Amino acid sequence: MSFNTFGLMFRVTTFGESHGPAIGCVIDGCPPGLEISPQEIKEELERRATGRSRHTSQRREQDDVQIVSGWFDGRATGTPIALLIENTDARSRDYEQIKRQFRPGHADYTYWKKYGIRDYRGGGRSSARETTMRVAAGALARKWLRLEFGVEIQGWLAQLGPLRTDEVMDWDSIEGNPFFCPHPGMVPKLEEFMDALRKSGDSVGARVNVIARNVPAGLGAPVYGKLDADLASAMMSINAAKGVEIGAGFASVSQQGTEHRDEMTKEGFLTNHAGGILGGISSGQDVVVSTAFKPTSSLRLPCRGLDIDGEEVEIVTKGRHDPCVGIRATPIVEAMMALVLMDHVLRHRAQSG
Ligand SMILES: Cc1cc2nc3c(=O)[nH]c(=O)nc-3n(C[C@H](O)[C@H](O)[C@H](O)COP(=O)(O)O)c2cc1C
């Protein structure tokens, strides 16, 4: 009962901690024959990596991925695929100070309460270092979905703190800046905002959206295997996620039925407030998901907290941290979208052929 496995038929089990010797995953259920190379996986990992710009943590990991099982002649064999990445740039001394302290807003207190032992170095298992393996496994799912159905998955930064960043959608510019921002005019504003934030020592939240195009109709199942429920669960499993919306999401609250319903014509749906899912089943429209990320909790600005003896202490966090975790979250939400869709395609085939 330790829940380190994700998916029913495309099953991904991740392991490892932020400052342990390595992180990895085992992917069970990959259709045999899928051509994949460590370089292709690495290309996805580089999009998620720290140190891509001054606006993220400056930890620099090579993320050289080894495929140690389930792979022969450049193709998946159908047996468990194991991926391994060594941790090469951990700086555990930065965490000495919080060894006996619980950072407010982080997982230190709850891990301690649950397990009575905690790898405090870099947040241990609660570190977003774990998401590296989601992106690695997601690279396989993403490639398979593209080859099989032409599914294209694209995420973007929709909001950073008070700044809305997708009022203009220039799809081609998303990959050209370190924020995954689709509005080129907003990039200098984001840089200015982030420079001031970093100087102040504070952090900020963000919203990251993702769209999957060419998703076949029929994925997902009533009633406990709804595609939207599984997507929400997948996005909420990402560190620091605090909210998920599908399609119109919370805006549905103020909509009227005549506005929200997506009218159908012979040419197709006229709108997509449903986010591509009706009754838990994909409609063939684009699947659209939005995830809210909270501000980073590890701050050098002092705050009140408790230590493991229950004493009140002043807490100051050292180390290299992301001032806005949402900046690096885009490849992670894309990976979770790919993993859920892949799992649901295999589930659908298992039942319906
Ligand atoms: C891409 C990404 C990077 C993150 N980087 C940091 C970080 O540098 N410092 C930090 O304290 N938390 C960081 N987090 C958030 C923590 O991992 C997370 O807040 C912590 O595990 C507690 O879990 P919760 O916020 O989901 O409750 C990051 C999250 C993501 C998604």
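Since this is a predicted model, take the numbers as computed values, not measurements.

## Digging into the overall build of the protein
Looking only at helices and strands, one finds seven helices and 18 strands in the protein. Oriented by its inertia axes, the alpha-carbon framework of the protein measures out at about 65 × 50 × 35 Å. Within the protein, buried positions represent 48% of all 353 residues. A separation threshold of at least 6 residues defines the contact pool for the protein, and within that pool the share at least 24 residues apart is 71%. On the protein, roughly 16700 Å² of surface is accessible, and the fraction owed to carbon and sulfur atoms is 52%. Averaging the locations of the 42 positively and 45 negatively charged side chains of the protein gives two centres separated by 4 Å.

## Concerning the environment of E17
Structurally, the position occupied by E17 is in the loop between β2 (11–16) and β3 (22–28). Given the relative accessible area of 31%, E17 is considered partly exposed. Sequence spacing of E17 and G205 is 188 residues, and the spatial spacing of their C-alpha atoms is 24 Å. Discounting residues that sit within four places of it in the chain, E17 has contacts with A22, I23, N87, D119, G124 and R125.

## Section: the sheet that holds strand β1 (residues 5–6)
Ordered in space as β1-β2-β3-β7-β4, the five strands form an open sheet in which the pairing is antiparallel. Since the sheet does not close on itself, it has two edges, and those belong to β1 and β4 (65–69), each with one partner. Where β2 lies against β3, six bridges are found, and the strand directions are antiparallel. The partner of R11 across the bridge, within β3, is D28.

## Some remarks on the site of the ligand
The environment of the ligand is made up of 16 residues, and the closest members are S126, K294, S298, H321 and D322. At a separation of 3.2 Å, an oxygen atom of the ligand approaches a polar side-chain atom of N239. In isolation the ligand exposes 630 Å². Once the protein is present, 86% of that is buried. Class assignment of the residues belonging to the shell around the ligand gives a composition of six nonpolar, seven polar and three charged.

## Points about unusual backbone geometry
Only a minority of non-glycine residues have a phi that is not negative, and only a minority of peptide bonds are not trans. Here the amide bond leading from P222 into V223 is cis, since omega sits at -5°, within 30 degrees of zero. Mapped onto the secondary structure, V223 falls in the loop between β10 (206–213) and α5 (227–236). Positive phi, close to 55°, is recorded for F3, a residue that is not glycine. As for its placement among the helices and strands, F3 is situated in the segment before β1.

## Observations regarding the packing of helix α3 (residues 131–149) against helix α7 (residues 330–352)
At their nearest, the axes of α3 and α7 sit 7 Å apart, and the two run at 55° to each other. Between α3 and α7, the crossing angle belongs to the class labelled oblique. You can see that α3 and α7 cross each other, and the crossing is left-handed. On α7, the residues touching T131, R134, V135, A137, G138, A141, R142, W144, L145, E148 and F149 of α3 are P331, I332, E334, A335, M336, A338, L339, L341, M342, V345, L346 and R349. In terms of residue class, the contact of α3 with α7 is built from 16 nonpolar, two polar and five charged.

## Here we look at the sheet that holds strand β9 (residues 163–164)
Taken in spatial order, the five strands make up an open sheet running β9-β8-β10-β16-β11, and their pairing is antiparallel. Looking at the sheet topology across the chains shown, the edges are occupied by β9 and β11 (241–246). Inspection of the sheet shows strand β8 (residues 152–160) paired to β10 by eight bridges, in the antiparallel sense. By the bridge assignment for β10, G155 is matched with V210. Contacting β10, β11 and β16 (287–293), α5 crosses the sheet at an angle of about 155° to β11.

Scoring rules and cut-offs
- Residues numbered from 1 in each chain as written.
- Predicted model: local features only at pLDDT ≥ 70, side-chain atom pairs only at ≥ 80, totals over all residues.
- Heavy atoms only, no water.
- Helix = DSSP H or I, 4+ residues; strand = E, 2+ residues; numbered from the N terminus.
- Buried < 20%, exposed > 50% of the residue type's maximum accessible area, 1.4 Å probe, protein only.
- Contact = heavy atoms within 4.5 Å.
- Areas by Shrake-Rupley, 256 points an atom, 1.4 Å probe, with all protein chains shown as cover.
- Lys, Arg positive; Asp, Glu negative; His and termini not counted.
- Charge placed at Lys NZ, Arg CZ, Asp CG, Glu CD.
- Pairing = 2+ DSSP bridges.
- Near = heavy atom within 4 Å.
- Polar contact = N/O pair within 3.5 Å; in protein donor to acceptor, adjacent residues only side chain to side chain.
- Nonpolar A, V, L, I, M, F, W, Y, C, P; charged D, E, K, R; others polar.
- Axes fitted to C-alpha atoms, helices over the stretch in contact; angles between N-to-C directions.
- Parallel < 35°, antiparallel > 145°, perpendicular 65-115°, else oblique.
- Left-handed = near helix turned anticlockwise from the far one by under 90°.

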